Amino acid sequence: MADFFQIIIPAILAFIGTLWVHPKILKIAIMKDLVDNPDVRKLQRSPVPVIGGIAVFFGIVIGLCSSQIMFNSPSVFMLISAMLVMLYVGTIDDILDLTPTIRFVIEILIVMWLMYINRSSINCFWGLWGVDIISNWISIPLTIFATVGIINAINLIDGVNGLSSGYCFMASSIFAIIFNATGNTVMTILAASAAGAIVPFFLHNVFGYRTRMFIGDGGTLVFGTMMSMFVISILSSKSPCAPYVTDGIGLVPFVLAVFAIPVFDTIRVMTMRIIHGKSPFSPDKTHLHHLFIDLGFSHTGTTLSILFLNALIIVAWFIAYSSGASIDLQFYIVFAMSFTATFILYKYASDQIKKNGKCLAALQKIGRIMHFEKKGIWLKVQRIVDKF
């Protein structure tokens, strides 16, 4: 287990790094007109600077350099290099709009490179359905499919203020805790630095008026790549979490719980696009966050509601584990709740909107309650955030 200061100092410096560079990146974005313009499928009403991922990546690197991990761990240095490539690709996409095919190919190549460099993959189910080690013929394509899916799932939840950054903070914090508990100092500090770096951006994204930026594809691809590495570390045969399996912890259900809403919502959206004869990558307004907006929720209300749903699934997994549920049962509980929170909730609520159902008024009332913007304390926080 890492020393407290080994974790907190990189996290604080990552926070300060992002806080310091954010206004400078914002100024460049405005000067060069690097903005995300409104259109029929987007929810903002005015152009918003879209290269916030650069500020967050800067903070992460500052946090890592402070602990010299980049120099002591070649694997982390390679991961940072991969994240830098993804930042570059995502930023180009934000500015020039790359085709989904080009992005998809680059993501696959980056994942394959990380597997080669680290000599690891998702090759162990750790007792789920009685399966442990799986062959390379299965693990390599499974790793590519799963990690590229995670990268795109995190990218696709970036639709309302604070959702992607709030989710990445929650996931990074959880991974920091689990890695610290297993004695994986390198991954602990990486996750802690990521959590610290995303906080200033989250505050500007949610509360800022003059200082708001979007994290952009550059930022979401960086976090997606990092989260993919976390998953590979946990579900490889060399996992530092292995001792916890004997205590009844299902590592696959745990990972699925952390990624529940992004992954299941992406599966639902892409499945429905294919059913309707569209490309799974064609943009539309059928994500879960679009549904909450249609019900009258504010951006902040939508973010808090979706993060609450994901947190609820994680808590349900923990309760199942603590109650002595088998690894298989933990998986089924997480799967059922994830499916319900995305597929069933979306179908039910969208039907209520279309048919003006009996529960629509109640759902809209909840949406109105979740409006926090333009109220006293909110405006005070906004004024403070806009000063930095």
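As a reminder, the structure under discussion sits directly above these lines.
Just so it is clear, the model here is predicted, and its values are computed rather than measured.

Participant: In this structure, what is going on with the pattern of salt bridges? I would like to understand it.
Facilitator: Oppositely charged side chains are able to pair whenever their charged atoms sit close together. Inspection of every chain in the model, using the stated rule, returns six salt bridges. Between Lys347 and Asp351 there is a salt bridge, with its nearest N and O atoms 2.6 Å apart. One end of the pair is Lys347 and the other is Asp351, both in helix α15 (residues 327-355) and four residues apart, which spans about a single turn. Several salt bridges share partner residues, and in doing so they unite Asp93, Arg103, Glu107 and Asp217 into one network.

Participant: I'm lost on the packing of aromatic side chains in this one. Help?
Facilitator: The description of an aromatic ring pair uses the distance of the two centres, along with the angle that the planes make with each other. Enumeration according to the criterion identifies 19 aromatic pairs in this entry. A ring pair is formed by Phe335 and Phe339, whose centres lie 6.4 Å apart and whose planes are at 10°; its orientation type is stacked. Of this pair, Phe335 and Phe339 both sit in helix α15, four residues apart, which is roughly one turn of that helix. Take Phe339: its relative accessible area is 32%, and that puts it in the partly exposed class. Ring pairs connect the aromatic residues Tyr167, Phe175, Phe179, Phe230, Phe254, Phe259, Trp317, Phe318 and Tyr321, which therefore count as one cluster. Taking the ring centre of Tyr116 as reference, the NZ or CZ of Arg119 above it sits at 4.4 Å. Above the plane of the ring of Tyr346 lies Arg268, whose end atom (NZ or CZ) is 3.8 Å from the centre.

What counts and what doesn't
Residues numbered from 1 in each chain as written. Predicted model: local features only at pLDDT ≥ 70, side-chain atom pairs only at ≥ 80, totals over all residues. Heavy atoms only, no water. Salt bridge = Lys/Arg side-chain N within 4 Å of Asp/Glu carboxyl O. Helix = DSSP H or I, 4+ residues; strand = E, 2+ residues; numbered from the N terminus. Phe/Tyr/Trp six-rings, centres within 6.5 Å; stacked < 30°, edge-to-face > 60°. Buried < 20%, exposed > 50% of the residue type's maximum accessible area, 1.4 Å probe, protein only. Lys NZ or Arg CZ within 6 Å of the ring centre and 35° of its normal.

Such coordinate-based values are descriptive only and should not be taken to indicate function.
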